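Residue-level structure breakdown
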Amino acid sequence: MRTTHIALAVLVTAVWGVNFVVIEVGLGHFPPLLFSALRFLAAALPAVFFVGRPKVAWKWVIGVGLVLGVAKFGLLFVGMDQGMPAGLSSLVLQIQAVFTALFAAVALGERPGGVRLLGMAVALAGIAVAAVDEGTSGPLLAFALVIAAAACWGVSNVLTRKASPPDALNFMVWVSAVPVLPLLGLSLLFEGPDADLAALRALDGTGIGVILYVAWVTTVFGFGAWGFLLRRYPASSVAPFSLLVPVFGMSSAALLLSESVSPLRWCAAALLVGGVALTSLSRTRGPATPLPATHLPAEPVSDEAAAAEPTPAASASASAELASASASASAELASASASASATVTATSPSAPATNGPAGPLAPGCSPTRS
């Protein structure tokens, strides 16, 4: 890769990593479901008028929009609102690579090899260590919600693989339009119209800046740049950069939010990132077809939606491309998210997560956090 393109890849992962800090700030201004709806509204409009009609069937646009936008980012935002730290969220969302491989094995018949199975085991060990650490310092329910968000990201990655969108940006913009009304309805139902109206009346420069960052910088710029790189280079060359998302996420949270990182959390990070690397870069033994260049990391997206955020590939490269977008996210789309995140699985690409930065929504969640 050219030096300028390496710098661009690092910049995108930094954008997706910092996205989790921005989400944390935004949750101080908006109820989580309303915040997620505004994020997708800003990402979709006015972009839908400039990217042309969707280049895949509507069933894929709607399916990915509901799973990635409503479920994944809804769970992520609610989980962070309930106390999940921004830095830890950027790390835990990377388990989406394991979920993607598992779901692809069931739905697409792609059998993971021995190295990939080892990577899954290592990554799950990292999640277990992170759960022990969070159990001593934070709410386990919030931790579980972010794990559920990663699982939804895995489902959206498999759907994106089936859709095989030829244009990642076009796909992500249309996917962003789907969750707006469902998220607004859920926000009115669970967070209440009074909380939503109060947040909109109190909208200030910081709130506007947060929405623009998670929508335009994380989603439009992040996924657009990631798709540009995936069109010029093999996915196996681009997708490993998505492993930088939790590095930027945890370091920016420590610097900007004064989040402490315990030795146990560093151990969890090493296990999880190492396991995701093995899962993403190893080869599958099942059928492989070209994958869409749609991954967004931890937010991303995400490295599916990309995912986030989310990338064409046919074997090992597909795994890395799928994850991180994330996140990005898994983000998101990502926060999400942001997101997304952005590794590729041999099964499919991640959309918004299209890594970025970026499911069942907690009915009793607090509408805002201070």
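Residues numbered from 1 in each chain as written. Predicted model: local features only at pLDDT ≥ 70, side-chain atom pairs only at ≥ 80, totals over all residues. Heavy atoms only, no water.

Each helix and strand counted, the chain has 15 helices and four strands in total. Sorting the 370 residues of the chain into buried and exposed places 63% on the buried side. About 12,100 Å² of surface is accessible on the chain, with carbon and sulfur atoms providing 72% of the total. (Helix = DSSP H or I, 4+ residues; strand = E, 2+ residues; numbered from the N terminus. Buried < 20%, exposed > 50% of the residue type's maximum accessible area, 1.4 Å probe, protein only. Areas by Shrake-Rupley, 256 points an atom, 1.4 Å probe, with all protein chains shown as cover.)

Before going further, it helps to examine the confidence of the model for the chain. A residue-level look at the chain finds 74% of positions with pLDDT of 70 or above and a mean pLDDT of 78. Predicted confidence in the chain is weakest over strand 4 (residues 342–343), with a mean pLDDT of 36, and strongest over helix 9 (residues 180–191), with 97. Under a pLDDT of 50 for its full length, residues 288–370 has, in the predicted model, 829 contacts with residues more than four places off or in other chains. (pLDDT = per-residue confidence, 0-100. Contact = heavy atoms within 4.5 Å.)

One way to put it is that helix 1 (residues 3–26) packs onto helix 13 (residues 245–256) with a least axis distance of 7 Å and a crossing angle of 45°. The orientation of helix 1 relative to helix 13 falls into the category oblique. The two elements helix 1 and helix 13 meet at a crossing, and its hand is right-handed. Taking contact as the criterion, the partners of Val10, Thr13, Ala14, Trp16, Gly17, Val18, Phe20 and Val21 in helix 1 are, on helix 13, Val245, Phe248, Gly249, Ser252, Ala253 and Leu256. The class makeup of the residues in the contact of helix 1 with helix 13 is ten nonpolar, four polar and no charged. (Axes fitted to C-alpha atoms, helices over the stretch in contact; angles between N-to-C directions. Parallel < 35°, antiparallel > 145°, perpendicular 65-115°, else oblique. Left-handed = near helix turned anticlockwise from the far one by under 90°. Nonpolar A, V, L, I, M, F, W, Y, C, P; charged D, E, K, R; others polar.)

Core analysis: the largest hydrophobic core is formed by 93 residues, its most contacted members being Phe35, Leu76, Val92, Leu93, Ile95 and Phe143. When residues in this core are grouped by element, the largest group, twelve residues, is from helix 3 (residues 58–81). Apart from the residues lying within four places of it in its own chain, the contact partners of Phe143 are Met84, Leu88, Val92, Ile127, Ala130, Ala131 and Glu134. (Core = buried A, V, L, I, M, F, W, Y, C linked by side-chain atoms within 4.5 Å.)

Let us look at the side chain of Arg39. Counting through the fold element by element, Arg39 comes out in helix 2 (residues 32–44). For Arg39, the side chain forms a polar contact with the side chain of Thr219, separated by 3.2 Å. (Polar contact = N/O pair within 3.5 Å; in protein donor to acceptor, adjacent residues only side chain to side chain.)

Right, let's get into unusual backbone geometry. Negative phi is the rule for most residues except glycine; trans is the rule for most peptide bonds. Cis geometry is adopted by the peptide bond preceding Pro46, which originates at Leu45 and carries an omega value of 5°. Its place among the elements puts Pro46 in the loop between helix 2 and helix 3. The phi torsion at Ser164 lies on the positive side, around 50°, for a residue other than glycine. Relative to the helices and strands, Ser164 is located in the loop between helix 7 (140–163) and helix 8 (168–177). Since its relative accessible area comes to 32%, Ser164 is described here as partly exposed. Of note in the backbone geometry, Ser258 takes a positive phi value of approximately 60° without being a glycine.

Nonpolar side chains collect at one region of the surface, where Leu41, Leu45, Phe49 and Phe50 lie side by side and expose about 470 Å² of accessible area between them. Structurally, Leu41 can be placed in helix 2. Judged by its relative accessible area of 36%, Leu41 is partly exposed. (Patch = residues over 30% accessible without salt bridge, like charges linked within 9 Å, V, L, I, M, F, W, Y side chains within 5 Å. Salt bridge = Lys/Arg side-chain N within 4 Å of Asp/Glu carboxyl O.)

When the terminal C-alpha atoms of helix 2 are compared, their 19 Å separation across 13 residues agrees well with the 18 Å that a helix rising 1.5 Å per residue should span. Most of helix 2 is tucked away: twelve of the 13 residues are buried. Restricting attention to buried positions, one finds in helix 2 the residues Pro32, Leu33, Leu34, Phe35, Ser36, Ala37, Leu38, Arg39, Phe40, Ala42, Ala43 and Ala44. Packed against the buried residues of helix 2 are helix 1, helix 3, helix 8, helix 9, helix 10 (193–201) and helix 11 (205–232). (Expected span 1.5 Å × (residues − 1).)

As for its position among the elements, Thr160 is in helix 7. A distance of 2.8 Å separates a polar atom in the side chain of Thr160 from the backbone oxygen of Ser156.

Relative to the elements of secondary structure, Ala144 occurs in helix 7. When its relative accessible area of 41% is taken as the criterion, Ala144 is described as partly exposed. Distance in space between the C-alpha atoms of Ala144 and Leu75 is 9.4 Å, their sequence separation being 69 residues.

A few words on the packing of helix 5 (residues 96–107) against helix 7. Running from amino to carboxyl end, helix 5 crosses helix 7 at an angle of 45°, the nearest separation of the two axes being 8 Å. In terms of orientation, helix 5 lies oblique with respect to helix 7. Crossing angle aside, the handedness with which helix 5 passes helix 7 is right-handed. Where helix 5 approaches helix 7, its residues Gln96, Phe99, Thr100, Phe103, Ala104 and Ala107 are matched on the opposing element by Ile147, Ala150, Ala151, Trp153, Gly154, Val155, Asn157 and Val158. Partitioning the contact of helix 5 with helix 7 into residue classes produces ten nonpolar, four polar and no charged.

Right, let's get into the packing of aromatic side chains. For the structure on display, the rule yields seven aromatic pairs. When the centroid spacing of 6.0 Å and the interplanar angle of 20° are considered together, the rings of Phe99 and Phe103 count as stacked. One end of the pair, Phe99, and the other, Phe103, are both in helix 5, four residues apart, so they sit about a helical turn from each other. Ring pairs connect the aromatic residues Phe30, Phe35, Phe40, Phe73 and Phe77, which therefore count as one cluster. A cation over an aromatic ring shows up here: Arg39 above the ring of Phe40, its NZ or CZ 5.0 Å from the ring centre. Geometry around Trp153 places Lys72 over its ring, the cationic atom sitting 4.2 Å from the centre. (Phe/Tyr/Trp six-rings, centres within 6.5 Å; stacked < 30°, edge-to-face > 60°. Lys NZ or Arg CZ within 6 Å of the ring centre and 35° of its normal.)

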